[in-house]
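Structural overview for review
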Amino acid sequence: MYLALGSYETACKTAMKTLILKNILQDLFVKTMDNECREMCKASNGSLLKKIGATELANFKLSDFCEELRTNAPMTAKTLTSLCQSRRSRKEICDPNIISTIGAIILYSRCPDMSALSYRLGFLLRHAGAAWYVSH
């Protein structure tokens, strides 16, 4: 009934109250995010996370990857943003660096070719002296 009236949000809220429909909606939600991540990991996708040359790593910016994530995986980015926001602290904006980092970790775990952030963090730690402590 709510769909016919154009009350889509109310229709979805009502569907979430029914266990079978809730499970179907959850599965569709997860499948959509899975498809977004699969598309980003494809060899044909020129993701910033696949660019691991010296110059490319030096120019790698989390803000650029955040924009790529929001463009190519909007539901995943929106979900990560929602998970990072705290209603209690009334923090309305989640730091894009957090979203980028979490997104990059998720994509790296799905596809080791998406490793630019891993390399970049390794270089930063090594040049900051952290590698000396690990080796001794």
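What counts, and where the lines are drawn
- Residues numbered from 1 in each chain as written.
- Predicted model: local features only at pLDDT ≥ 70, side-chain atom pairs only at ≥ 80, totals over all residues.
- Heavy atoms only, no water.
- Patch = residues over 30% accessible without salt bridge, like charges linked within 9 Å, V, L, I, M, F, W, Y side chains within 5 Å.
- Areas by Shrake-Rupley, 256 points an atom, 1.4 Å probe, with all protein chains shown as cover.
- Salt bridge = Lys/Arg side-chain N within 4 Å of Asp/Glu carboxyl O.
- Helix = DSSP H or I, 4+ residues; strand = E, 2+ residues; numbered from the N terminus.
- Buried < 20%, exposed > 50% of the residue type's maximum accessible area, 1.4 Å probe, protein only.
- pLDDT = per-residue confidence, 0-100.
- Contact = heavy atoms within 4.5 Å.
- 1 Å grid on protein atoms, 1.4 Å probe; cavity = no way out; pocket = protein on both sides within 12 Å on 5 of 7 lines; lining within 4 Å.
- Points joined across faces, edges and corners; volume = space filled by probe spheres on them.
- Nonpolar A, V, L, I, M, F, W, Y, C, P; charged D, E, K, R; others polar.

1. As for a nonpolar patch on the surface
Side chains of M16, I20, L21, I24, L25 and L28 sit close together on the surface and give an oily, nonpolar patch of about 520 Å² of accessible area. Here the nonpolar patch gets 5 residues from one element, more than from any other, and that element is helix α3 (residues 19-41). Within the element layout of this structure, L21 appears in helix α3. Looking at L21, the relative accessible area reads 40%, which means it is partly exposed.

2. Concerning the pattern of salt bridges
Going through the model one piece at a time under the given rule, you end up with 4 salt bridges. For D34, the salt bridge identified is with R38, shortest N-O distance 2.5 Å. Here the residue D34 and the residue R38 both occupy positions in helix α3, the gap between them amounting to 4 residues, near one helical turn. Taking the relative accessible area as the measure of exposure, R38 reaches 42% and is therefore partly exposed. Put simply, E39 and K42 hold a salt bridge, and the shortest N to O gap is 2.9 Å. What makes K42 partly exposed here is its relative accessible area of 37%. Through salt bridges with shared partners, a single ionic network connects D34, R38 and R110.

3. Observations concerning the confidence of the model for the protein
On average, residues of the protein score 86 in pLDDT, and 91% of them are at 70 or above. Summarising per-element confidence for the protein, the mean pLDDT is lowest in helix α9 (residues 130-135) (54) and highest in α3 (94).

4. Let's talk about helix α6 (residues 74-84)
Among all positions of α6, only T76, A77, T79, L80 and T81 are buried. Looking at the packing, one finds that the buried side of α6 touches α3, α5 (62-72) and α7 (96-110).

5. So, the layout of surface pockets
Its boundaries defined by the atoms lining it, the largest pocket holds a volume of some 210 Å³. Lining the largest pocket we find E9, C12, K13, M16, L25, Q26 and F29. Breaking the lining of the largest pocket down by element, the ones donating at least two residues are α2 (8-16) and α3. The dominant element in the lining of the largest pocket, judged by the number of residues it contributes, is α2, at 4 residues. Here the lining of the largest pocket is composed, by residue class, of 4 nonpolar, 1 polar and 2 charged.

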